[in-house]
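Descriptive structure summary
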Amino acid sequence: MKTHLQCLALAAAVALTPAAAQTAAAPAVDYSKYGDYAKYGSAPDVPGVCSHAAIAKKNYRGRTLRVITHAVPVMGEPTDLHAKQFQDLTGAKVDVVHVPFGDLYQRIMIPLQTRQAAYDAMFYPSLWIGDLHSFLAPVPATYLQAGGMKDVTPNYRDVATWGEQMLQYPVDGDRHYMKLRADVFDNPAMQARFLKDTGRKLEVPATWEDYNQVAKYFSGWDWAGDGKKHYGSAEVTKRDDLMFSAFLSRTAAYAKNPKVKGGFFFDLKTMEPQVNNPGWVKALQMFIDAQKAFPPGGNSFGLGDEIFSFGGGQALMSYSWDDAFIQAMEPGNPIRNKVLAAPLPGSREVWNRVTKTWDRFDVPNAPPYITWGWTSGVNKASKNQDMAFDFLCFFSNEANAYLDLQIGRFGVNPYRGGQFDPAYWQDKLGWEAKVAQSYVDTLSRMDRSNNRVFDLRVPGVNQFMSTLANGVAEAMAGQKSPQEALDGVAKKWQEIVRKIGVDKVRDAYAKVVALEDRGR
């Protein structure tokens, strides 16, 4: 999902990648014929099976590769760009079909379910693996051994894996984290004012209670000094526009207990939904409370609204994908280098679904939410699997990814170890050291956590998440109490499980639980 903002010193560009030793002799890729892509400079063509040089040796003349992807620009634009490059290098014809997000699932699933090989390669949200896995070809060993693939971080290898097989080809990395205005939090006058009025120090929120308090305090007045009203928090709240992901970011702190294994969304043994337990209800209560800090119209913000509210300087804080942060850091933005990244807030009290009590923690429980992002896969029914895997391999090679990360509208975010180098963001994009370090530290620490939340990667995931969003929206609008709304969601989840089949959902959910409980 997302968005992000000639050559960086070679050592900084690839210092952490497996192919670093070979890169010094690698020629730079010439991007001059590919429009404004060239303005981001060049990049070293790291040797390997996915490199420009290796792909140029393939002869696919007379063959057509069919690709389905999201609408331009997010993921759709880089698909077009790299398709043109692939055509020029291999002689293949690449037909790219762009589909709006709301129609993408059906456009992919219907041909697969009817055993039509309508598309060879597909770009789609990674959480759909629960529905797509049986239609996807496993990534061949040749590509698993590629340097760029070996550098994919553990979380995003997990996202691409079903059971023991990698079925999705990583092209993007996504997670939710907090963004905040450092120029306000570090301002002595603001610190003194907040302390005087609240009796508390102005600090980066460690809990969602802290977050809400700070957000409400900084809502409705000109704390930016530009003559305009500003607000405390921009959040994704539009029912049909990814609100479920924002709610899960808040819920993890209260309901993902590090002492409890065996399921966050369901109890794996019984498949009883946990969506209405006291941890989930508390998260919804806090979500409702946060509305007091929203900008005008904030009760129906989609992802784009959240991006521009924080990235445009209207809101003090936000949380979701990388987009709002990268928007704030784009050249020419008045708040460039005035922001910081931080982990999602947590909670000192966490519901224990086994003991049916609240557990108390001195250090707030703050599980990272490894939310869905863009991924890719190859149709198992395709007769062009060789060409399709070469294309996905080429799409994500080190040189292309190096430039794609800089272009906010592309929706490509860090997912390789070599991309978590502060020097990249400082030297290439002009980020100040403190900003770059906060960004890299926040993102990389998620791979070190052993108490994580992944998306519900099971058959029918769209039904489950749509039902959740509807229930949360009812509570946010005051139509139902948080408990009543989530009781209704739990009942509908039970119906969806019965309709799909308890064993089928449990088998898929067990794979999610295995990811969440790994290392515990």
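Up top is the structure these notes are about.
Quick caveat, the model's predicted, so the values are computed rather than measured.

1. A closer look at the overall build of the chain
Helices and strands together make up the secondary structure of the chain, namely 23 helices and 15 strands. For 520 residues, the compact-globule estimate of 2.2 N^0.38 gives 24 Å, and the C-alpha radius of gyration of the chain, at 23 Å, lies within 12% of that figure. Accessible surface, the chain: about 19300 Å² in total, of which carbon and sulfur atoms supply 51%. When the 59 positive and 55 negative side-chain charges of the chain are each reduced to one mean point, those points stand 3 Å apart.

2. A few points about the packing of helix α14 (residues 278-290) against helix α21 (residues 461-476)
At their nearest, the axes of α14 and α21 sit 10 Å apart, and the two run at 50 degrees to each other. The angle between α14 and α21 places the two elements in the oblique class. The two elements α14 and α21 meet at a crossing, and its hand is right-handed. Mapping the contact onto sequence places W280, L284, F287 and I288 in α14 and L468, V472, A475 and M476 in α21. Of the residues assigned to the contact of α14 with α21, the class counts are eight nonpolar, no polar and no charged.

3. Observations concerning helix α4 (residues 76-90)
Spanning 15 residues, α4 covers 21 Å between terminal C-alpha atoms, matching the ideal 21 Å at 1.5 Å per step. The complete set of buried residues in α4 reads G76, P78, T79, L81, H82, A83, Q85, F86 and T90. In this structure, the buried side of α4 is in contact with α3 (52-55), β1 (64-70), β2 (93-99), β3 (121-125), α17 (385-395) and α18 (398-404). Just downstream of α4 lies G91, where phi reads positive at about 85 degrees.

4. Things to note about the state of the cysteines
One covalent bond between the sulfur atoms of two cysteine residues makes up a disulfide. Summed over all chains, the structure comprises one disulfide. Between the sulfur of C50 and that of C393 lies a disulfide, 1.6 Å long from S to S. Across the S-S bond linking C50 and C393, the dihedral sits near -105 degrees, which makes this disulfide left-handed. Taken together, the residues span a long stretch of sequence, with C50 in the loop between α2 (20-23) and α3 and C393 in helix α17 at a distance of 343 residues.

The rules behind each value
- Residues numbered from 1 in each chain as written.
- Predicted model: local features only at pLDDT ≥ 70, side-chain atom pairs only at ≥ 80, totals over all residues.
- Heavy atoms only, no water.
- Helix = DSSP H or I, 4+ residues; strand = E, 2+ residues; numbered from the N terminus.
- Rg over C-alpha atoms; globule rule 2.2 N^0.38 Å.
- Areas by Shrake-Rupley, 256 points an atom, 1.4 Å probe, with all protein chains shown as cover.
- Lys, Arg positive; Asp, Glu negative; His and termini not counted.
- Charge placed at Lys NZ, Arg CZ, Asp CG, Glu CD.
- Axes fitted to C-alpha atoms, helices over the stretch in contact; angles between N-to-C directions.
- Parallel < 35°, antiparallel > 145°, perpendicular 65-115°, else oblique.
- Left-handed = near helix turned anticlockwise from the far one by under 90°.
- Contact = heavy atoms within 4.5 Å.
- Nonpolar A, V, L, I, M, F, W, Y, C, P; charged D, E, K, R; others polar.
- Expected span 1.5 Å × (residues − 1).
- Buried < 20%, exposed > 50% of the residue type's maximum accessible area, 1.4 Å probe, protein only.
- Disulfide = S-S within 2.5 Å.

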